[in-house]
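Examination of the molecular architecture
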Amino acid sequence: MDARLNLKWLISIVPRGRGNAVAQICNENHIAVQLLAQARGTASSDIQLVLGLGEPGKDMVMSLVPGAVLPRLLPALREQLEFSKAGHGIAFTIPLSGISVAASRRATELSAHLDIKEDTAMQNSIDHDLIVAVVDSDNSDIVFDAAKEAGCRGGTIVRAREVATEEARKIFGLTILPEKEIVMIVVSRAEKQAILKAICNKILSETGEHGVVFSLPVADVVGLAEKPM
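Here goes a summary of the coordinates provided. Predicted model, so just to flag it, every value in this text is computed and none were measured.

On to a nonpolar patch on the surface, then. On the surface, Val212, Phe214 and Leu216 cluster together to form a nonpolar patch covering roughly 230 Å² of accessible area. By the element assignment, leucine 216 lies in strand 10 (residues 212-222).

Pasting the structure below:
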């Protein structure tokens, strides 16, 4: 793979129904790998207009993007989808530590259609983290309440379920798998530790369990609106 591609995993979270608009902008920039999932926001009613998470339904678009494309792709997302306004969305990237041959090949084919130059300006722009908490489906409010108390204003929840677990049980002959929720919160690196600690302490004090909570470095964040529309 051409080292200049500097592939990243771009995650765009927008109000439900706007995922296709994100995909269209990515298509216009020759982004080949895209996935769309449904999620929901965590923001409570008193802060729905603050951070861009007012609508409960969310589309999460995940794209494999050459880093050199980001200087024009991110402004396109911000301007065309009005990410500067609260409630319109957020996007960020996660650096990759490895890639399959197939994905590398597709990215190499993509580079033939683009005038890609090595992007050094954005390589060191990691100043945010993505906090991820995996909890039982009825405990996501605990996570967000703790994050809110520590200064966070919103996040996103994706529904999931456990597989191959001893907790699975049979009712009327049907196997019931425990439902989980994945709470994702983008925070500045400076506030990450305090929010992580608050979440872990809250889960332990209210459920007696430790929960699964971790953070990932993210870069190229756009859409963290700080004032109402």
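Structure shown, so let's carry the discussion forward.
Turning to helix 5 (residues 140-149), a few remarks are in order. For helix 5, the full list of buried residues reads Ser140, Ile142, Val143, Phe144, Ala146 and Ala147. Positive phi shows up at glycine 151, right after helix 5, with a value of about 110°.

What the rule picks out here adds up to ten salt bridges. Among the salt bridges present, the one from arginine 40 reaches glutamate 181, with a minimum N-O distance of 3.0 Å. Here the residue arginine 40 occupies a position in strand 2 (residues 33-41), and glutamate 181 occupies one in strand 9 (residues 179-188), the gap between them amounting to 141 residues. For arginine 40, a relative accessible area of 33% translates into the label partly exposed. Among the salt bridges present, the one from glutamate 82 reaches lysine 85, with a minimum N-O distance of 3.1 Å. Bridged by salt links that share partners, the residues Arg40, Arg159, Glu179 and Glu181 form one connected network.

Attention now moves to the packing of helix 5 against helix 6 (residues 189-207). Where helix 5 contacts helix 6, the two axes come as close as 8 Å, and the packing angle between them is 135°. Relative to helix 6, helix 5 is oriented oblique. Here helix 5 and helix 6 pass one another in a crossing that is right-handed. Across the interface between the two elements, Ile142, Val143, Asp145, Ala146, Ala147 and Glu149 of helix 5 pack against Ile195, Ala198, Ile199, Lys202, Ile203, Glu206 and Thr207 of helix 6. Among the residues making up the contact of helix 5 with helix 6, the classes are represented as eight nonpolar, one polar and four charged.

Glancing now at the packing of helix 1 (residues 19-28) against helix 3 (residues 70-80). Two measures define how a pair of helices packs: the angle their axes make with one another and the distance between the axes. Interhelical geometry of helix 1 versus helix 3 gives an angle of 145° and a closest axis separation of 10 Å. Here helix 1 runs over helix 3; the crossing is right-handed. Two secondary-structure elements touch here, helix 1 through Val22, Ile25, Cys26 and Glu28 and helix 3 through Leu73, Ala76, Leu77 and Gln80. The class makeup of the residues in the contact of helix 1 with helix 3 is six nonpolar, one polar and one charged.

Attention shifts here to the nonpolar core. Ranked by size, the top nonpolar core spans 18 residues in total, and within it Leu10, Val22, Val65, Leu73, Leu77, Leu81 and Phe83 carry the most contacts. Taken together, the elements giving at least two residues each to this core come down to strand 1 (7-15), helix 1, strand 3 (57-66) and helix 3. Excluding anything up to four places from it in sequence, leucine 73 contacts Leu10, Ile25, Cys26, Asn29, Ile31 and Val65. Core analysis: the second largest hydrophobic core is formed by 16 residues, Ala146, Val183, Ile195 and Leu196 among them.

All right, on to unusual backbone geometry then. The phi angle at histidine 30 is positive, at roughly 60°, despite the residue not being glycine. Judged by relative accessible area, which is 38%, histidine 30 ranks as partly exposed. Of note, the phi angle at aspartate 220 is positive, near 55°, even though the residue is not glycine. Along the chain, aspartate 220 falls in strand 10.

Conventions used here
Residues numbered from 1 in each chain as written. Predicted model: local features only at pLDDT ≥ 70, side-chain atom pairs only at ≥ 80, totals over all residues. Heavy atoms only, no water. Patch = residues over 30% accessible without salt bridge, like charges linked within 9 Å, V, L, I, M, F, W, Y side chains within 5 Å. Areas by Shrake-Rupley, 256 points an atom, 1.4 Å probe, with all protein chains shown as cover. Salt bridge = Lys/Arg side-chain N within 4 Å of Asp/Glu carboxyl O. Helix = DSSP H or I, 4+ residues; strand = E, 2+ residues; numbered from the N terminus. Buried < 20%, exposed > 50% of the residue type's maximum accessible area, 1.4 Å probe, protein only. Axes fitted to C-alpha atoms, helices over the stretch in contact; angles between N-to-C directions. Parallel < 35°, antiparallel > 145°, perpendicular 65-115°, else oblique. Left-handed = near helix turned anticlockwise from the far one by under 90°. Contact = heavy atoms within 4.5 Å. Nonpolar A, V, L, I, M, F, W, Y, C, P; charged D, E, K, R; others polar. Core = buried A, V, L, I, M, F, W, Y, C linked by side-chain atoms within 4.5 Å.

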